[in-house]
Number of protein chains: 2
Amino acid sequence: MKGARNRVVALCGGIGGAKLVLGLSRVITQADLTVIVNTADDFEHLGLAVSPDLDTVMYTLAGLDDPRRGWGRRDETWSFMRSLAALGGETWFRLGDGDLATHVERTRRLRQREKLSVITADFCRRLGVAVEIVPMSDDKVRTRVCTDIGDLDFQDYFVRRRCAPVVRRLDYEGAATARPHDLALAALRDSRLRAAVICPSNPLLSIEPILAMPQLREAVAACPAPVIGVSPIIAGAAVKGPTAKMMAELSLPVTASAVARRYSDLLDGYVVDRADASHAQELDVPVMITNTLMLSLADRELLARDVLGHADSLAKAPA
Amino acid sequence: MKGARNRVVALCGGIGGAKLVLGLSRVITQADLTVIVNTADDFEHLGLAVSPDLDTVMYTLAGLDDPRRGWGRRDETWSFMRSLAALGGETWFRLGDGDLATHVERTRRLRQREKLSVITADFCRRLGVAVEIVPMSDDKVRTRVCTDIGDLDFQDYFVRRRCAPVVRRLDYEGAATARPHDLALAALRDSRLRAAVICPSNPLLSIEPILAMPQLREAVAACPAPVIGVSPIIAGAAVKGPTAKMMAELSLPVTASAVARRYSDLLDGYVVDRADASHAQELDVPVMITNTLMLSLADRELLARDVLGHADSLAKAPA
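Report follows, based on the coordinates. Please read all numbers here as calculations on a predicted model, not as lab measurements. (Residues numbered from 1 in each chain as written. Chains lettered and ligands numbered in written order. Predicted model: local features only at pLDDT ≥ 70, side-chain atom pairs only at ≥ 80, totals over all residues. Heavy atoms only, no water.)

**Thoughts on the overall build of chain A**
Item 1. Scanning chain A from terminus to terminus reveals 12 helices and 14 strands.
Item 2. Taking the principal axes of its C-alpha atoms as reference, chain A extends roughly 60 × 45 × 40 Å.
Item 3. The burial tally for chain A puts 60% of its 319 residues in the buried class.
Item 4. Across chain A, contacts joining residues at least 24 apart in sequence account for 69% of those joining residues at least 6 apart.
Item 5. Split by element, the accessible area of chain A, about 12800 Å² in all, is 49% carbon and sulfur.
Item 6. Placing the 40 positive and 40 negative side-chain charges of chain A at their respective mean positions leaves the two points 3 Å apart. (Helix = DSSP H or I, 4+ residues; strand = E, 2+ residues; numbered from the N terminus. Buried < 20%, exposed > 50% of the residue type's maximum accessible area, 1.4 Å probe, protein only. Contact = heavy atoms within 4.5 Å. Areas by Shrake-Rupley, 256 points an atom, 1.4 Å probe, with all protein chains shown as cover. Lys, Arg positive; Asp, Glu negative; His and termini not counted. Charge placed at Lys NZ, Arg CZ, Asp CG, Glu CD.)

**Overview of the nonpolar core**
Item 1. Ranked by internal contacts, the top residues of the largest apolar core, which has 103 residues, are Leu20, Ile133 and Val197 of chain A together with Leu20, Ile133 and Val197 of chain B.
Item 2. Counting residues per element, this core draws most heavily on helix H1 (residues 15–27) of chain A, at six residues.
Item 3. Each residue touching Leu20 of chain B, except ones within four places of it in the same chain, is listed here: Val197, Cys199, Pro200, Val230, Met294, Arg300, Leu303, Ala304 and Val307 of chain B.
Item 4. Of all hydrophobic cores here, the second largest spans 53 residues; its members include Tyr157, Ala256, Leu267 and Val285 of chain A. (Core = buried A, V, L, I, M, F, W, Y, C linked by side-chain atoms within 4.5 Å.)

**Considering the sheet that holds strand S6 (residues 142–147) of chain B**
All names here are of chain B.
Item 1. On the basis of which strands lie adjacent, the open sheet formed by three strands has the order S7-S6-S8 and antiparallel pairing. The sheet is open, and its two edges are formed by strand S7 (150–153) and strand S8 (167–173), each paired on a single side. Geometrically, the sheet is characterised by an average inter-axis angle of 25 degrees between neighbouring strands, direction not taken into account.
Item 2. As defined by bridge partners, S6 adjoins S8 across six bridges and the pair is classed as antiparallel. Across the sheet, residue Cys146 finds its bridge partner in S8, namely Arg169. (Pairing = 2+ DSSP bridges. Axes fitted to C-alpha atoms, helices over the stretch in contact; angles between N-to-C directions.)

**A short note on the sheet that holds strand S7 (residues 150–153) of chain A**
Residues and elements named next belong to chain A.
Item 1. Judged by pairing direction, the sheet is antiparallel, and its three strands sit side by side in the order S7-S6-S8 without closing on themselves. Across the chains shown, the open sheet's two edge strands, defined by having one partner strand only, are S7 and strand S8 (167–173). The mean angle between the axes of side-by-side strands here comes to 25 degrees, regardless of whether they run parallel or antiparallel.
Item 2. Packing of helix H8 (residues 203–211) onto the sheet brings it into contact with strand S6 (142–147) and S8, and relative to S8 it is tilted by some 30 degrees.

**Notes on unusual backbone geometry**
All names here are of chain B.
Item 1. Of note, Arg162 is a non-glycine position whose phi angle comes to about 50 degrees, a positive value.
Item 2. Within the chain, Ser251 stands out as a residue other than glycine whose phi angle is a positive 60 degrees.
Item 3. Among the structural elements, Ser251 can be located in the loop between helix H10 (243–249) and helix H11 (256–262).

**Points about the relation of the copies chain B and chain A**
Item 1. Each copy of the sequence occupies a distinct position, and chain B is placed on chain A by a rotation of 180 degrees and an axial shift of 0.0 Å, giving an RMSD of 0.0 Å. The two molecules are tied by a two-fold rotation axis, judged by turn and shift. Residue Asp97 of chain B of chain B places its C-alpha closer to the rotation axis than any other residue of that unit, at 2.9 Å.
Item 2. When the interface residues of chain B are mapped onto chain A, 100% of them are again interface residues, pointing to one common binding face. (Least-squares fit on C-alpha atoms with pLDDT ≥ 70 in both.)

**Some points on the interface of chain B and chain A**
Item 1. The interface of chain B with chain A comprises 27 residues on the first partner and 27 residues on the second.
Item 2. Here chain B packs against chain A, burying approximately 2300 Å² in sum over the two surfaces, 67% of which is carbon and sulfur.
Item 3. Seen at the junction of chain B and chain A, the total is zero salt bridges.
Item 4. Elements that contribute at least two residues to the side of chain B that touches chain A include exactly helix H3 (79–86), helix H4 (97–111) and helix H5 (116–126) of chain B. (Buried area = accessible area lost by both parts, 1.4 Å probe. Salt bridge = Lys/Arg side-chain N within 4 Å of Asp/Glu carboxyl O.)

**Quick look at the side chain of Thr147 of chain A**
All names here are of chain A.
Item 1. When you line up the elements, Thr147 lands in strand S6.
Item 2. A distance of 3.1 Å separates a polar side-chain atom of Thr147 from the backbone nitrogen of Ile149.
Item 3. Excluding anything up to four places from it in sequence, Thr147 contacts Leu152, Tyr157, Pro165, Val166, Val167 and Arg168. (Polar contact = N/O pair within 3.5 Å; in protein donor to acceptor, adjacent residues only side chain to side chain.)

**Re the side chain of Asp32 of chain B**
Residues and elements named next belong to chain B.
Item 1. Checked against the element boundaries, Asp32 lands in the loop between helix H1 (15–27) and strand S2 (33–37).
Item 2. With a relative accessible area of 14%, Asp32 lands in the buried category.
Item 3. Apart from the residues within four sequence positions on either side, Asp32 is in contact with Asn6, Arg7 and Val8.

**What to know about the packing of helix H7 (residues 182–189) of chain B against helix H9 (residues 214–221) of chain B**
Packed helices, taken two at a time, are described by their axes: the angle between them and the distance between them.
Residue and element names in this part refer to chain B.
Item 1. Where H7 meets H9, the closest approach of the two axes is 9 Å, and the angle between their N-to-C directions is 15 degrees. Comparing the axis directions of H7 and H9 gives the class roughly parallel. Note on packing geometry: the crossing formed by H7 with H9 is left-handed. Here Ala184, Leu185, Leu188 and Arg189 of H7 come into contact with H9, specifically with Gln215, Leu216, Ala219 and Val220.
Item 2. Here the residues of the contact of H7 with H9 are counted per class, giving six nonpolar, one polar and one charged. (Parallel < 35°, antiparallel > 145°, perpendicular 65-115°, else oblique. Left-handed = near helix turned anticlockwise from the far one by under 90°. Nonpolar A, V, L, I, M, F, W, Y, C, P; charged D, E, K, R; others polar.)

**Remarks on the packing of aromatic side chains**
Item 1. All chains considered together, the criterion is met by 10 aromatic pairs over all chains.
Item 2. Ring centres of Trp92 of chain A and Phe93 of chain A lie 6.0 Å apart, and the angle between their planes is 80 degrees; on these two criteria the pair is classed as edge-to-face.
Item 3. Among the residues examined, Trp92 of chain A registers a relative accessible area of 23% and is labelled partly exposed.
Item 4. Judged by relative accessible area, which is 10%, Phe93 of chain A ranks as buried.
Item 5. Taken together, a centroid distance of 4.8 Å and an interplanar angle of 65 degrees make the contact between Phe43 of chain B and Phe93 of chain B edge-to-face. Of this pair, Phe43 of chain B sits in strand S3 (residues 43–45) while Phe93 of chain B sits in the loop between H3 and H4, and the two are 50 residues apart along the sequence. Across the pair, exposure class does not vary: Phe43 of chain B and Phe93 of chain B are buried alike.
Item 6. Ring pairing ties together the aromatic residues Phe43, Trp92 and Phe93 of chain A, which thus form one cluster.
Item 7. Above the face of the Trp71 of chain A ring, Arg69 of chain A is positioned so that its terminal group lies 4.8 Å from the ring centre.
Item 8. Here the guanidinium or amino end of Arg94 of chain B rests over the ring plane of Trp78 of chain B, the centre of that ring lying 4.5 Å away. (Phe/Tyr/Trp six-rings, centres within 6.5 Å; stacked < 30°, edge-to-face > 60°. Lys NZ or Arg CZ within 6 Å of the ring centre and 35° of its normal.)

Put into structure tokens, the structure is as follows:
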């Protein structure tokens, strides 16, 4: 069908966003979905290049994710960590044995000057993932967390200190000059775009680092399809992770609408949970009220359909 | 006891030598034993610094070795290799999940400019190994195998090609200029030395790279205690590995005495298996004939006692 709008772009962080991405990948053709993934959480650990959000999305789409833990791989073994502990190595960031292959092989290829995006695409191809998973940039962007005990690297704050320090400010180092990945920009500019979805990921840690790249933010703003945000906050709480705690520490109301206001210049529509129906009228954009808590695979697919339905209802008629 | 000769030095490669080292460590005080280990097999694989002989000796003395496989760790898991294969990584050199911790942590510390010997000593301390395990050098020495199909890196020849190419010559690149480790030289010069043992390791791949460092060879030659070699050849065959095949390809007789002749300027005594009693008279050094096949732990201890007994019988009376 000429002029068909069948393509979808999703902006995504780790587990929360990956759930919706999985839903999207099951209600449209996988190859029509491009996921722009936050890499500001990436870090070097034990000399290995670790990309937590990329891996969460990749493992989720490959069916390799651990659904209970929310990170790493299912049916994982932990011999490496046990042996590392015996040798006095750092064990605050847990790497499973199977997961480790991703980091070792990625590190090896990065050292050979392959790009993160090329390596990711190759891993996805080998794991049978047809969705286009694109790191937001091949350049280095790193979230620094400015806290009451000083400025911390993201994983130091997030994993080692379990988000205990009080957050004062977040910096996305390198974002101003990093070049967004061409495939990300191309996907956002594609005339076949049906929707650009801002996933229910942590706005401060996952979405805003992506949008902190001026070219990428502009591409979202100018994109030819409705931009739909999905609230990561349900009834004043985050499903998982430190979103609520961080928002409170930054004096933001812990509400679905407060998240929407962070992207208000970009959104054409917003999706909130039934628990937050009362917040719908606080926003200037059309709000869909539905079930956003994704416990089952069916929940993921239903929310994906709802999000796309909301986008379709807001789309300008094709020229 | 003043003037006691209670210290032992062993020159050693991988599994064959490690068995005798384990025996020695059980018949003398662990802290009185220094093992000078071949590092010419070391290589970088998947971006990780792998030291096969050092690890075999360390795992053996820590009780972590896999006695059936002859390399790596017991009770090992293999999730890493399975995942690596799925990602298209190189799988010809197998690294177990627990073993991997040694390589990742060593690589991380080497990149921080720690010396291989310091890292090894720290690993040993943490694993409860009181034997002093010393890499022959902190400098890089690498065995190159010149074969009928060209010059090969050692592990390429040894593991990937399973020793199939015909060996024409061996080069120990860097040996002429590498500085033997100070602890190795000090151990060989120690006036308390009871014996220097050349373990039943592959002479071409494990012992001669150590002796290819001129200062170390001189230290062995000048050492104040008897130098005792133990034949790795029993009845014309090696217990394990390519020793016999390589000796034949280099036009060496595959005999216990041919190995002794490689070190003849260094040896004060030699130990051969009962199966090779007939070769004893071919040699100019005093030969002890005993059981050298180390199947059980008791065999390892008995051979260790025999070797030390042979040394004691050859020792000059203390001054």
